[in-house]
Every structure is written in C-alpha cells, then in structure tokens.
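Architecture and fold: a report
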Amino acid sequence: MQMDFSEMRRQAVQQERLQAAAQSAAAKRVLQELDADAVERAAASGDAAALKALLHQVLASPEGRSLAEQVKKAVKPDG
C-alpha cells in the first residue's frame, strides 16, 4: 500500500519537530546532566529499574520536562 502525500508530509513535519527537539537547549542540558555510562550499562543489561530511575532523573529537571513536552507535541498526530 502506497503512502499518500498528506501522510508523507505529516511524517516529514514530525521528523523535523523531533530533530528540533533533539537539538534544543533543553536536550543539550539533559545530555550534559546524564551519566552516559549509566545509561549504556542500564540499556545493555536490560535493567528496567535503572532505566526507570534515569528517566525519572531526566523528568525531574525543568529541561527534561521541557524536552518531554517538545517530543510529545512533535509526535502528536495533529501536531
């Protein structure tokens, strides 16, 4: 089944919004605050509790909440 033009456009806009969120000041600040080694270890081991704790850490900060809101808006079907 071929994707129609409006669906392609919707996906392109969604991708642009996600990219903007990923490059935002909030995202940069979240990355600075995260312990990359802890994220890698938790992901590699499949440690759900550790991943949940890291997510909680991110969402506890104003920048993390801002980033989460940007992502939520980016993937919302009606944008």
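Only a predicted model underlies this, so the values are computations on that prediction, with no experimental measurement involved.

**Re the overall build of the chain**
- For the chain, the count of helices and strands is 5 helices and 0 strands.
- The N-to-C order of helical and strand elements in the chain reads α-α-α-α-α.
- Computed over the C-alpha atoms, the radius of gyration of the chain is 15 Å, more than 25% above the 12 Å expected from 2.2 N^0.38 for a compact globule of 79 residues.
- Based on the C-alpha atoms only, the size of the chain along its principal axes is roughly 40 × 30 × 15 Å.
- Counting every position in the chain, which comprises 79 residues, the buried fraction comes to 19%.
- Taking the contacts inside the chain whose residues are at least 6 apart along the sequence as the reference set, 61% of them involve residues at least 24 apart.
- Accessible area for the chain stands at about 6,100 Å²; split by element, carbon and sulfur atoms hold 57% of it.
- Taking the 11 positively charged and 11 negatively charged side chains of the chain as two groups, their mean positions are separated by 6 Å.

**Observations concerning the side chain of Ser24**
- Structurally, Ser24 is set in the loop between helix 1 (5–22) and helix 2 (25–33).
- Since its relative accessible area comes to 13%, Ser24 is described here as buried.
- A distance of 2.8 Å separates the side chain of Ser24 from the backbone oxygen of Ala21, its partner in a polar contact.

**Things to note about the environment of Gly46**
- One can find Gly46 in the loop between helix 3 (36–45) and helix 4 (48–59).
- Residues Gly46 and Val13 lie 33 residues apart in sequence; the distance between their C-alpha atoms is 32 Å.

Rules behind the numbers
Residues numbered from 1 in each chain as written. Predicted model: local features only at pLDDT ≥ 70, side-chain atom pairs only at ≥ 80, totals over all residues. Heavy atoms only, no water. Helix = DSSP H or I, 4+ residues; strand = E, 2+ residues; numbered from the N terminus. Rg over C-alpha atoms; globule rule 2.2 N^0.38 Å. Buried < 20%, exposed > 50% of the residue type's maximum accessible area, 1.4 Å probe, protein only. Contact = heavy atoms within 4.5 Å. Areas by Shrake-Rupley, 256 points an atom, 1.4 Å probe, with all protein chains shown as cover. Lys, Arg positive; Asp, Glu negative; His and termini not counted. Charge placed at Lys NZ, Arg CZ, Asp CG, Glu CD. Polar contact = N/O pair within 3.5 Å; in protein donor to acceptor, adjacent residues only side chain to side chain.

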